[in-house]
Amino acid sequence: MRDDFIRIVDHRKPDSYQARPIMTDDTDLHQETIDQPEVQRHSRIGWAFLIICGILLPTITLVVETLTHMCRDTFFDPIPNPGHWLLIAMVPISNALLVFTPPSLIQQRLKWFGWLNTISLCIALYYTLLFLPLVPLSAMAILFFGMGLLPLSPLLALIATWLIRKGLKRSLGDKADQLPNFWRGIALASVTLLAINVPAIVTRIGVEMAIGESPSLRQSGITLLRAVGSNREMLKLCYADQGRSNGLFDLTLLEADLDQQERIREVFYRVTGTAYFEHKLPIKQSIRDWASNFDEQQGGQMVGGKILGVKLSRSQIDGTIDQRAATAYLEWTMNFKNDTHQLQEGRGQIVLPPGAVVSRVNLWINGEAKEAAFGGRGQVRQAYEKIVRQQRDPLLVTSAGPDRVQFQLFPIPTDGQEMTIRIGMSVPLQVMNQQSAQLQLPALLDRNFELPTQLRHAISLQSDSALMHSTVFQQRASSNTAYHIEGALPDEQLGRRASLVTIAQQQGTSPAWQLDTLAKPAAVVIQRMTQTPAWRPKRVALVIDGSAAMKTSARQLDQAMRNLPADLEWQVVVAGDQVPKLQPLKPVDGHTLATILKQVDFSGGQDNLPALIAAWDWVAQSERGAVVWLHGTQSITLTQPDNFQHQMRQGHGDIRLYSLQMVAGSNRLLTALDGIATLHPIPRLDTPQADLNRLLQSWLPGTQAYTLNRERVMADVVDQSALSTPSEHLVRLWASDEIHRLSQSRQAGAYQTAATTAQRYQLVTAVSSAVVLETRQQYDEAGLEPVSPGTVPTVPEPETWVLIIVVISVLTWQARRLRKDPY
């Protein structure tokens, strides 16, 4: 069969060969005269060239690039999608078929083999032109490394494919005109290449439009990308080393704008509704899998995308509830496991119980729980980032918005080792009425680690009063009078109705108190429960996030929309692609509001700031108004909110912004508004619909509100015997309120005083953070001091409750005796 092929491709045939048929039997072959050694030698050289350059070399090149992405990581991506891979593979496959298929079968399927050869020739020509700039460099690389043959593969394959076509035409003689026209093959191959490049071309054109200067052009680009753009191509453009051209068709597109990474990443969020770092890196298919776990957000301030192989292996929430002081203390212990071969950083956001404040942070180092140091946000952040660069053992906890904190721990040891942290929080109970209060457990809001499907959050709560709870909890027998319940919840139930606990309140309870040992002179924090008419606005603007993630959640609010107070002025503002429009509704009509919700085109990721500003401006025209912001996540900052922050702080009248996040995840805009007094997160106690409905019902005429008011007074002016049992966490909660007040003050030095107060009372607030470092030297270099273990709150074991009750009784009796007989 090889001799048959030699006759087809040999361009040095004597006259005797030209009269011979394509097919010859073995007798003809053996009767061949052997007086042409030079022809035979050149024929065998041609055979070897075609096998090596037309079949083996392109096959090896395709395999090497598929496994290593050598060309893609260095110059450009020659195989941007599976379609390109199939076209490249067609060249060696076509050549192999024409070389090894009997000529008789080729004649029977002449048209099919002819088109196969023609298209392969055009594909080889396309990639030859694409790699043409690398030819000089490749020729030099052959001499030094031997790897230069790979970039030369398209050129050599083109020559081999052309020789095969030439030999095929000569062997066919008069039938050569039956082969497909070369230019028709060029046209077909070009159309095919263009078709598989359309997503990349359209995406690059759309991105160029979306980062343009004209607002209308930018919106047109966003619309185009949402309709026909390729998310994969946009994701590649979000990375400087992945956004290179894919071929001749888009070689000149977007080359000048690859340095505008931040704007391209914003476009990706606007189109998809998710941040670029929430998706797998586009280099995941490389055999260099270390690159797939590269963490771009390490040491930064964003949670970032998931890291495969890093997971939460154990979760335990322990807590104590003091119904007499309407407070609780919770400790959340988490174990993180790293199954990768790289040191990794774990990051996550926790939504706290309403009004809670983090008051203890621990990291286990060498089997021992180390206490954190508290300090100003900037000071603590700088210390953490410095240690992360040194790959040591810090844990950072910082505020990430109202009632939420972010934790970061690095490095989680490699190859299945674990790292353990504990976050303690002082919690005020949510007083519903004189008979009951509620406690909602904390929950994970965002994370960069995995949660195994079998993971359950173990819950253990102790109380001095009866507890009403869901069926996931069970009462545990105890040797004392304390109530003790336990349960295990999957992550999707944590922070929902299933994890809500109701505590029976005692009527007529006297004020609770706690001695503030840090005050000079001595002072006492007193907490009183008051009942007053609920705050009511006159104007309400409902701001609806039009992002794609809100589509399902927002449309579940129909029932809440139908229970609106009828005597208020209403506006509905949709945060969407268009400029926010105000739609006054007088009189209020819940059915109309529900209809508007159904008409919202939830798509992509929307910038909520323009809608908030428009709503705030309208509400601020009244002496008392509210903006109710129903929103999802926003992991990318699209517009700097500096002016809006100033507007909220300087606003005249009693204006409030209520925030209700209905989709789990980070929200950079909400984080930027952290610490502003006019921002009121809607307490997260139940489903979003129930939480919103509770707010709207509180605005009905005649509604009463129960509030807990804490104040600090001098110890010598209060009769402690007239107060109820002392509480361990009232001072911390008072300090949290005081820090919030000071941070809003316009007086000189108030902000620094707030940070100093947070450090003294060991709290994580909008002006302070907590960090655990490994050595004393690291603390000294950062100017920080870890807290003393004796000053931190703890969760006592159930068996210690009896002792606590006895001690409290003795202290109360002694205080009363001293009041009666001080001498």
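Residues numbered from 1 in each chain as written. Predicted model: local features only at pLDDT ≥ 70, side-chain atom pairs only at ≥ 80, totals over all residues. Heavy atoms only, no water.

Draft legend 1. Representation of the overall build of the protein in the model. The secondary structure content of the protein amounts to 26 helices and 26 strands. In the protein, buried positions account for 53% of the 823 residues. If you take every contact in the protein between residues at least 6 apart in sequence, the share linking residues at least 24 apart comes to 78%. Surface exposure of the protein reaches about 37200 Å², of which carbon and sulfur atoms provide 55%. (Helix = DSSP H or I, 4+ residues; strand = E, 2+ residues; numbered from the N terminus. Buried < 20%, exposed > 50% of the residue type's maximum accessible area, 1.4 Å probe, protein only. Contact = heavy atoms within 4.5 Å. Areas by Shrake-Rupley, 256 points an atom, 1.4 Å probe, with all protein chains shown as cover.)

Draft legend 2. Expanded view of the sheet that holds strand β12 (residues 443-447). Spatially, 6 strands are ordered β6-β26-β7-β8-β3-β12 in an open sheet, and the strand pairing comes out antiparallel. Strand pairing shows two members of the sheet lacking a second neighbour, β6 (373-376) and β12, which therefore form its edges. Each adjacent strand pair in this sheet contributes to an overall mean axis angle of 25 degrees, direction not counted. Judged from the 4 bridges that link them, strand β7 (residues 395-399) and strand β26 (residues 768-772) form a sheet pairing that is antiparallel. Residue L396 lies in a different strand from β26, and its bridge partner there is V771. (Pairing = 2+ DSSP bridges. Axes fitted to C-alpha atoms, helices over the stretch in contact; angles between N-to-C directions.)

Draft legend 3. Looking closely at helix α20 (residues 642-650). Of all the residues in α20, the buried ones are F644, Q645 and M648. Looking straight down α20, one finds its buried side chains confined to an arc of 105 degrees; they lie on one side. Exposed positions of α20 whose direction lies more than 90 degrees from the buried face are N643 and H646. Residues of α20 that are buried make contact with α19 (609-619), β23 (654-661), α21 (668-672) and β24 (679-681). (Arc of directions from axis to C-beta.)

Draft legend 4. Looking closely at the packing of aromatic side chains. One pass over the structure, following the stated rule, counts 10 aromatic pairs. Measuring from centroid to centroid gives 5.1 Å for W112 and F113, while their planes differ by 85 degrees, and the two rings are edge-to-face. For F113, a relative accessible area of 6% gives the class buried. Judged by centre distance (5.0 Å) and plane angle (75 degrees), the rings of F336 and F449 are edge-to-face. Of this pair, F336 sits in strand β2 (residues 327-338) while F449 sits in the loop between β12 and β13 (457-463), and the two are 113 residues apart along the sequence. (Phe/Tyr/Trp six-rings, centres within 6.5 Å; stacked < 30°, edge-to-face > 60°.)

Draft legend 5. Region of the structure containing the confidence of the model for the protein. Per-residue pLDDT for the protein averages 81, and the proportion of residues at 70 or more is 82%. Averaged over each element, pLDDT in the protein is lowest for helix α2 (residues 15-18) (38) and highest for β2 (96). Note on residues 4-35: pLDDT is under 50 here. Beyond four places in sequence and across chains, it has 45 contacts. Here residues 284-291 is modelled with pLDDT under 50, and outside its nearest four sequence neighbours on either side it reaches 17 contacts, counting other chains as well. (pLDDT = per-residue confidence, 0-100.)

Draft legend 6. The arrangement of the nonpolar core in detail. M334, F336, I350, V397, F407, I421 and I423 are the most contacted members of the largest nonpolar core, which has 71 residues in total. Apart from the residues lying within four places of it in its own chain, the contact partners of M334 are L312, R314, S315, I350, F407, M419, T420, I421 and I423. Ranked by size, the runner-up nonpolar core spans 30 residues in total, among them L542, M561, L568 and M662. (Core = buried A, V, L, I, M, F, W, Y, C linked by side-chain atoms within 4.5 Å.)

Draft legend 7. A look at the pairing of strand β21 (residues 569-575). Counting buried positions over the 7 residues of β21 gives 5, a clear majority of the element. Bridge count between strand β20 (residues 539-545) and β21: 7 bridges; the pairing is parallel. The residue of β21 that forms the bridge with D545 is A575.

Draft legend 8. Representation of the sheet that holds β2 within the structure. Read across the open sheet, the 8 strands follow the order β5-β4-β9-β2-β1-β13-β16-β15; overall the sheet is mixed. With partners counted over all chains shown, the strands left at the sheet margins are β5 (368-371) and β15 (473-475), one partner each. Between one strand axis and the next, the sheet turns through 20 degrees on average, direction left out of account. Of the pairings in the sheet, the one linking strand β1 (residues 310-322) to β2 comprises 12 bridges and is antiparallel in character. Each residue of the ladder has a partner; that of L312, found in β2, is F336.

Draft legend 9. Molecular detail of the packing of helix α12 (residues 215-228) against helix α14 (residues 261-272). The geometry of α12 relative to α14 is characterised by a closest axis approach of 9 Å and an angle of 60 degrees between their N-to-C directions. In terms of orientation, α12 and α14 fall into the oblique class. Crossing angle aside, the handedness with which α12 passes α14 is right-handed. Facing α12, whose interface residues are Q219, I222, L225 and R226, α14 presents V267, R270 and V271. Classifying every residue of the contact of α12 with α14 gives 4 nonpolar, 1 polar and 2 charged. (Parallel < 35°, antiparallel > 145°, perpendicular 65-115°, else oblique. Left-handed = near helix turned anticlockwise from the far one by under 90°. Nonpolar A, V, L, I, M, F, W, Y, C, P; charged D, E, K, R; others polar.)

Draft legend 10. Examining the pattern of salt bridges more closely. For the structure on display, the rule yields 23 salt bridges. Residue D577 pairs with R270 through a salt bridge whose shortest N-O separation is 3.2 Å. Of the two residues, D577 is situated in the loop between β21 and α18 (590-599) and R270 in helix α14; the sequence distance between them amounts to 307 residues. The partner of D339 in a salt bridge is K311, and the shortest N-O contact between them spans 3.7 Å. With a gap of 28 residues between them, D339 in the loop between β2 and β3 (344-351) and K311 in strand β1 connect regions that are remote in the sequence. Taking the relative accessible area as the measure of exposure, D339 reaches 37% and is therefore partly exposed. Accessibility expressed as a relative area gives 25% for K311, which makes it partly exposed. Salt bridges sharing partners connect three or more residues here, namely R226, R270 and D577. (Salt bridge = Lys/Arg side-chain N within 4 Å of Asp/Glu carboxyl O.)

Draft legend 11. The arrangement of a nonpolar patch on the surface in detail. Where nonpolar side chains cluster on the molecular surface, the patch consists of L155, I159, W162 and L163 and spans about 330 Å² of accessible area. With respect to the secondary-structure elements, L163 resides in helix α10 (residues 149-172). When its relative accessible area of 33% is taken as the criterion, L163 is described as partly exposed. (Patch = residues over 30% accessible without salt bridge, like charges linked within 9 Å, V, L, I, M, F, W, Y side chains within 5 Å.)

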